[in-house]
Amino acid sequence: MALTASSRAPQGGNGSDSERSPFVRLNELLAPHQPGKPLISLAVGEPQHPVPDFVGPVLAKHIADFGRYPANKGTDPFRNAAGAWLSTRFKLPRPLDPESEILVLNGSREGLFLAAIAAARYVGPRPGKPAILMPNPFYPVYGAGALAAACEPVHLPTTVENGFLPDLDAIDEATLARTVAFYLASPANPQGSVARPGYFKRLKQLADRYGFVILSDECYSEIYTREAPGSALECAGPDFTRVVAFQSLSKRSNLPGLRVGFAAGDKRFIGMFLELRNIAAPQVPVPLQHVATVAYGDEAHVEENRRLYRIKFDLADQIIGNRYGYRRPDAGFCVWLNTSEIGDDVSVTLKLFREAGVRVVPGSFLARQQPDGFNPGAGYIRLALVQDGETTAQALHRLVETLG
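Counting restarts for each chain: residues are numbered from 1 in the order of the written sequence. Residue-level local features of this predicted model are given only where pLDDT is at least 70; pairs of side-chain atoms are given and counted only at 80 or more, and the full residue set underlies all totals for whole chains, interfaces and linings. As a convention, hydrogens and water are excluded, and side-chain values are obtained from all of the structure's heavy atoms.

### Focus: the overall build of the protein chain
(1) Moving on: Strands here are runs of E lasting at least two residues and helices are runs of H or I lasting at least four, both read from the DSSP assignment and numbered beginning at the N terminus. The secondary structure content of the protein chain amounts to 14 helices and 12 strands.
(2) Moving on: Each radius of gyration reported is based on C-alpha atoms, and the globular scaling rule is 2.2 Å times the count of residues to the power 0.38. Its C-alpha radius of gyration of 21 Å places the protein chain within 12% of the 22 Å reference for a compact globule of 404 residues.
(3) Moving on: Principal-axis analysis of the C-alpha atoms places the extent of the protein chain at approximately 55 × 55 × 35 Å.
(4) Moving on: Each residue gets one of three labels from its accessible area relative to the maximum for its type: buried under 20%, exposed over 50%, partly exposed in between, using a 1.4 Å probe on protein chains only. Counting only residues that meet the buried cut, the protein chain has 60% of its 404 residues in that class.
(5) Moving on: As displayed, the protein chain has an accessible area near 15700 Å², and 54% of this comes from carbon and sulfur atoms. Note on areas: Shrake-Rupley with a 1.4 Å probe; residue coverage comes only from the protein chains shown.

### Description of the nonpolar core
(1) Moving on: Take the buried Ala, Val, Leu, Ile, Met, Phe, Trp, Tyr and Cys residues and link them wherever side-chain atoms come within 4.5 Å; each set so joined is a nonpolar core. Counting residues in each nonpolar core, the largest one holds 51 residues, and the members touching the most others are Leu86, Phe182, Phe212, Leu233, Val260 and Phe262.
(2) Moving on: With 6 residues, the top contributor of residues to this core is helix α8 (residues 197–210).
(3) Moving on: Excluding anything up to four places from it in sequence, Phe262 contacts Phe78, Ala82, Trp85, Leu86, Ile102, Leu103, Val104, Leu105, Ala245, Phe246, Gln247 and Tyr296.
(4) Moving on: Listed in part, the 33 residues of the second largest apolar core include Leu105, Leu112, Val213 and Phe269. Only heavy atoms enter the contact rule, under which two residues are in contact if any of them lie within 4.5 Å.

### Re unusual backbone geometry
A negative phi angle is the norm for most residues apart from glycine, just as the trans form is the norm for most peptide bonds.
(1) Moving on: The residue after Ser186, namely Pro187, is reached through a cis peptide bond having omega 0 degrees.
(2) Moving on: Tracing the backbone shows Pro187 in the loop between β5 (179–185) and α8.
(3) Moving on: Cis geometry marks the peptide bond from Asn189 to Pro190, where omega comes out at 25 degrees.
(4) Moving on: Positionally, Pro190 belongs in the loop between β5 and α8.
(5) Moving on: Even without being glycine, Phe164 reaches a positive phi, approximately 60 degrees.
(6) Moving on: With respect to the element layout, Phe164 can be found in the loop between β4 (152–157) and α7 (173–177).
(7) Moving on: Even without being a glycine, Asn254 presents a positive backbone phi close to 55 degrees.
(8) Moving on: In this structure, Asn254 sits in the loop between α9 (249–252) and β8 (261–265).

### Some details on the UniProt feature "domain: Aminotransferase class I/classII large" (unreviewed entry) in the protein chain
(1) Moving on: Sites flagged by UniProt as "domain: Aminotransferase class I/classII large" (unreviewed entry) map to residues 38–378.
(2) Moving on: Structurally, residues 38–378 comprises 37% helix and 15% strand, and the distance from its first C-alpha atom to its last is 27 Å. UniProt positions are given in the numbering used here, feature names are shortened, and annotations may be inferred rather than shown by experiment.

### Details of the side chain of Asn136
(1) Moving on: You can see Asn136 is positioned in strand β3 (residues 131–136).
(2) Moving on: Of note is the side chain of Asn136, whose polar atom sits 2.7 Å from the backbone oxygen of Arg368.
(3) Moving on: Aside from chain neighbours lying at most four places away, what touches Asn136 is His155, Leu156, Pro157, Thr158, Ala367, Arg368, Gln370 and Pro376. Pairs of N or O atoms are called polar contacts if they sit within 3.5 Å, as long as, within protein, a hydrogen donor faces a hydrogen acceptor (for residues adjacent in sequence, only side-chain-to-side-chain pairs).

Structure representation (structure tokens):
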């Protein structure tokens, strides 16, 4: 059945509550309770692997650069390093121009938020209420960006039946005609699904036909245990028209506190995005860009990072097995478990906290209710395997012992 223009978060009541941060809601849920065992948090996707060795020396070398205002588009060395890394990592139609097609960001979240506003300016008027499409469940900043851009968030349910990616053929033409932007997360958070080249090509065809922008969130692209995920840029054509990819060092390099990422793609969009950032966003400190430049030139620490995650997913394979619909994700570091046969996801979250001392996120907190009342996150819990291997194994054993 086609998703219609009404496929959006309900207004008021549950809808207003669901617009809040899932982690604030989780804190409120658990606040009256005490963990039944020493706490292990698998709730927040904050990498806990060691910070790369080069970070301290690079910062120390460039400490004086904190004394000047940076250029908003980023330093030349950083943009050159990001462009070189993209060309090495992905099979691009051509190398991106660091001067006009790459823009530094204060982490991908800031960029994904402001990109919705830039997209509305880029696309211009739409027939009817402008819309921004996004997967459901999704990273909450997508919805915040859509609302800031005065666009209607349209939530596309991602379920096991559609491979945890939005069903592109289920979107009706009226909605596509008024679409400003399409947020896609590949690898997906929370399910870890990955869009294949055919999917990216189909989405690009729709973007070209209806004139909207693809905002491709690829911040988990370097966390995989088997096949390396691709990029929307690989299927964007020689000018990367209407395609922008977002990257971050948070997951790739275990640097969530560095707050450095970049946007790359459509030259015209990047130019308009820079104009917006010049008046609406803080610059990225130059010493941090020096660290990022070195990070994008080094793959050894990234390979070690993947090795550590591989160990933890091997543990999940062994300890969880075929329980709760578990499957090893294509990429990312999250596990998406169907615990609906045990109880609703909020009750299961409480049970794990109170009896096992394991903190997870209810799937319904990460999603929005569809007009028919269906919440595609309901009945699931999300685990972020960010702790060390021993701690992860302990948490997974507790989970299985508690849930059965």
